[in-house]
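# Residue-level structure breakdown
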Amino acid sequence: MDYDEKRKRLAERLRYELNLSNRVYEAIKNVPRHLFVPERYKIEAYVDTPLPIGFGQTISAPHMVAIMCELLDLREGEKVLEIGTGCGYHAAVVAELVGEKGKVVSVEYIPELADMAKANLSALGYDNVVVIVGDGSKGYEPEAPYDKIYVTASAPDIPKPLIEQLKPGGRMVIPVGDSVQWLVVVEKDEKGNIKKKNWGSVRFVPLRGEYGFKKR
């Protein structure tokens, strides 16, 4: 199975369909998604679709990872908070974009997934990603504030702690809603004022934790 060729073809298609920047295109092209998915789904790793990773969670479709990275406008050297590590793929793409001088702090609610993500990221040498087990809906105060924040599960509303932990001049991308979900881009200006903009309709698993959906 020529995974490298499949990955390159997927990155080329996304660049064309989404008009990707060169930086996001290169990041998608560089991260081996097949090494983040369970063995039985490896053959589908470069199909542009979410895939199950266990515990009712999924790895996001590559196009959604690319779109969120573009909306965040990630720069080298930035500190980024990820809520919902999953298997670590999205964090790896972000790590490519913030570079060695940047840092990705990722909080995962499910300990087994956090362990999986740590192993995946460590095996591929992503030393600029720190994975923490905890309630990501409350953010991660010890490393705050963050230049950028993104959430990989849909929240009932934008959690207040995440807004508080976002730097002035920072940006957050978060899916909001239950049966109907919208990807919301949140910007905090230098005075701390918040501006929200709906990017479009999306579909994510529900956010868990204090500011997430209560388990049904």
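Notes on the structure in this doc start here. (Residues numbered from 1 in each chain as written. Predicted model: local features only at pLDDT ≥ 70, side-chain atom pairs only at ≥ 80, totals over all residues. Heavy atoms only, no water.)

### Remarks on the sheet that holds strand S3 (residues 79-83)
Through backbone hydrogen bonds, the strands of a sheet pair up, either in parallel or in antiparallel fashion. Under the convention used in this document: Any two strands with at least two DSSP-identified bridges between them are counted as paired. Counting from the N terminus, the helices are DSSP H or I runs at least four residues long and the strands are E runs at least two residues long. Angular values range over 0 to 180 degrees, each being the angle between N-to-C directions of two axes fitted as lines to C-alpha atoms, with helices fitted over their stretch in contact. Contacts: residue pairs with any heavy atoms within 4.5 Å of one another.
Across the sheet, which stays open at both edges, the 7 strands sit in the order S5-S4-S3-S6-S7-S8-S9 with mixed pairing between neighbours. The sheet is open, and its two borders are formed by strand S5 (129-133) and strand S9 (194-202), each paired with just one other strand. Taken pair by pair, the neighbouring strands of this sheet meet at an average axis angle of 15°, ignoring direction. Relative to S9, strand S8 (residues 181-188) is paired through 8 bridges, and the arrangement is antiparallel. Within S9, the residue paired with valine 186 across the bridge is lysine 196. On the sheet, helix H3 (residues 62-72) packs against strand S6 (146-151), strand S7 (166-177), S8 and S9 and is oriented at approximately 150° with respect to S7. Relative to the sheet, helix H5 (residues 111-123) contacts strand S4 (103-108) and S5, its axis offset from that of S5 by approximately 165°.

### Examining helix H2 (residues 22-30)
Note the threshold: Here's how the labels work: a residue is buried when its accessible area is under 20% of the maximum for its type, exposed when over 50%, partly exposed in between, all with a 1.4 Å probe on protein chains only. This arc describes the spread of directions from the helix axis toward the C-beta atoms.
Turning to H2, its buried residues number three or more, namely Val24, Tyr25, Ala27 and Ile28. One face of H2 carries all of its buried residues, which in axial projection span an arc of 165°. Contacts from the buried residues of H2 go to helix H1 (3-18), H3 and helix H4 (89-98).

### Topic: the pairing of S5
Under the convention used in this document: The handedness of a crossover follows from its direction of travel: if, with the strands pointing away from the viewer, the path from the first strand over the helix to the second runs clockwise, the crossover is right-handed.
Here S4 pairs with S5 via 5 bridges, running parallel. What sits directly across from valine 105, in S5, is valine 130. Running through H5, the crossover from S4 to the neighbouring parallel element S5 is right-handed.

### Re the pairing of S6
Burial analysis of S6 places 6 of its 6 residues in the buried class, which makes it a mostly covered element. Relative to S6, S3 is paired through 4 bridges, and the arrangement is parallel. Paired with isoleucine 83 across the strands is valine 151, a residue of S6. Summarising the sheet, S6 and S7 pair through 4 bridges and their orientation is parallel. Within S7, the position partnered with tyrosine 146 by the bridge is leucine 166. Read from S6 through helix H6 (residues 160-165) to S7, the crossover connection turns out right-handed.

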